[in-house]
Amino acid sequence: RFGWGLPVLVGASAVGLAGVLPVVLLVAWALAGGAAAVGAARVLGRRRRAVEAEHPQRLLAAEASAERGREALRAQWETAQRLQAETRGSLAGALEEARRALSAPMAEEEAALLYGTVLRDAFAGAAEDAEERARWAGLEVCTAVRSDGSVSLWLAGATGAEAGLFAEALRDWLQPVGESRYLLALEGEEERVMPVPEVLARRRGTAEAFARAWRAHVGPATLHYAVRGEGAELRARHLRTRWSAGRAWTREVWG
């Protein structure tokens, strides 16, 4: 009775264990997977908290860097504004100084030297060839105060013809505005015009040479053809007026 019963029990037990074992293994696998999932969740949680903790620091650093950049830009802008103001002030001061210098009365000898230099350079600019131009440019303008207070003005080294042209041009230039072909309008607060000397007013090119010499040594001015149009109106307004208090007398000196 017991001889076959034990194998049956053992067999039944084996069959029972065979059915239970997969369940046990499944539970063990599930537990292992749950533990892994829990571990992964913990790691992710730590990383998330680390990122959340680090993010404000990065944001603060970025904001601080941006603020430093804004401060640098503000400093550069203020510097540019200051330099612009200083430059504007310097330019305004220089222009005012130049205006005062031009409007201040010159000593007679200084004025004579300036007029002579303008005329000499006008003749040089009106010369027809390079040799004649160099000849005029090389002449020295000289002045001397005489005992009666008048000023002598001459060109050292000039020929008789050159000296005659120079004296004639100076005399015409200091005359009141008359039937001049060309006028030079001087820029300034008041409208002033001067006649272009007749010897230099015969052609447009020579009149422009006179205007260039004036601009180079004195200041801005506009050349006008005074026979018709706006130039004729300008001449009519200033007819018989003088632009300078100077007078010119000529005399021949033999030496």
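The shown structure was predicted, so the numbers you read here are calculated from the model rather than taken from an experiment.

(A) Examining the nonpolar core more closely. The biggest cluster of nonpolar side chains holds 36 residues, and the ones touching the most others in it are W173, L200, F210 and W214. No other element matches the nine residues that helix α2 (residues 108–126) contributes to this core. Excluding anything up to four places from it in sequence, W173 contacts Y115, V118, L119, M194, P195, P197, F210, W214 and W243. Core analysis: the second largest hydrophobic core is formed by six residues, V177, V193, A226 and L234 among them.

(B) View of unusual backbone geometry. Positive phi is not limited to glycine here, since R240 has a value of about 65°. Position of R240 among the secondary structure elements: in the segment after α6 (229–237).

(C) Layout of the sheet that holds strand β5 (residues 221–225). An order of β4-β3-β5 is seen for the three strands of this open sheet, with the pairing classed as antiparallel. The open sheet has two edge strands with one neighbour each: β4 (192–195) and β5. Each strand of the sheet is rotated relative to its neighbour by a mean of 30°, with strand direction disregarded. Relative to β4, strand β3 (residues 182–186) runs antiparallel, the two being bridged by four bridges. Its bridge partner lying in β4, L183 is registered against P195. Strands in contact with helix α5 (residues 204–217) are β3, β4 and β5; relative to β5, the strand with the most contacts, it is inclined by about 160°.

(D) Local environment of the packing of α2 against helix α4 (residues 160–173). Taken N-terminus to C-terminus, the directions of α2 and α4 make an angle of 120°; their axes are 11 Å apart at the nearest point. The angle between the axes of α2 and α4 places the two elements in the oblique class. For the pair α2 and α4, the sense of crossing is right-handed. In contact with Y115, G116, V118, L119, R120 and F123 of α2, α4 contributes L165, F166, A169, L170 and W173. Classifying every residue of the contact of α2 with α4 gives nine nonpolar, one polar and one charged.

(E) The pattern of salt bridges, seen in detail. Within the structure shown, the criterion is met by five salt bridges. Here R235 makes a salt bridge to E179, at a shortest N to O gap of 3.8 Å. One end of the pair, R235, is in helix α6; the other, E179, is in the loop between α4 and β3, and 56 residues separate them in sequence. Residue R204 pairs with E208 through a salt bridge whose shortest N-O separation is 3.0 Å. Of the two residues, R204 and E208 are both situated in helix α5; the distance of four residues between them amounts to about one turn of the helix. R204 sits in the partly exposed class, given a relative accessible area of 38%. When its relative accessible area of 31% is taken as the criterion, E208 is described as partly exposed.

(F) The arrangement of the side chain of E162 in detail. Considering the arrangement of structural elements, one finds E162 in helix α4. Classification of E162 by relative accessible area gives buried; the value is 11%. Not counting the four nearest positions on each side in its chain, E162 is found in contact with R135, W136, L139 and G157.

(G) Up close: the environment of V151. For V151, the position within the fold is in strand β2 (residues 151–156). Note on V151: relative accessible area 25%, which makes it partly exposed. Taking the C-alpha atoms as reference, V151 lies 9.6 Å from E110; in sequence the two are 41 residues apart. Apart from residues lying up to four places away in sequence, V151 is in contact with E108, E109, A112, T143, A144 and V145.

Reading the values: the criteria
Residues numbered from 1 in each chain as written. Predicted model: local features only at pLDDT ≥ 70, side-chain atom pairs only at ≥ 80, totals over all residues. Heavy atoms only, no water. Core = buried A, V, L, I, M, F, W, Y, C linked by side-chain atoms within 4.5 Å. Buried < 20%, exposed > 50% of the residue type's maximum accessible area, 1.4 Å probe, protein only. Helix = DSSP H or I, 4+ residues; strand = E, 2+ residues; numbered from the N terminus. Contact = heavy atoms within 4.5 Å. Pairing = 2+ DSSP bridges. Axes fitted to C-alpha atoms, helices over the stretch in contact; angles between N-to-C directions. Parallel < 35°, antiparallel > 145°, perpendicular 65-115°, else oblique. Left-handed = near helix turned anticlockwise from the far one by under 90°. Nonpolar A, V, L, I, M, F, W, Y, C, P; charged D, E, K, R; others polar. Salt bridge = Lys/Arg side-chain N within 4 Å of Asp/Glu carboxyl O.

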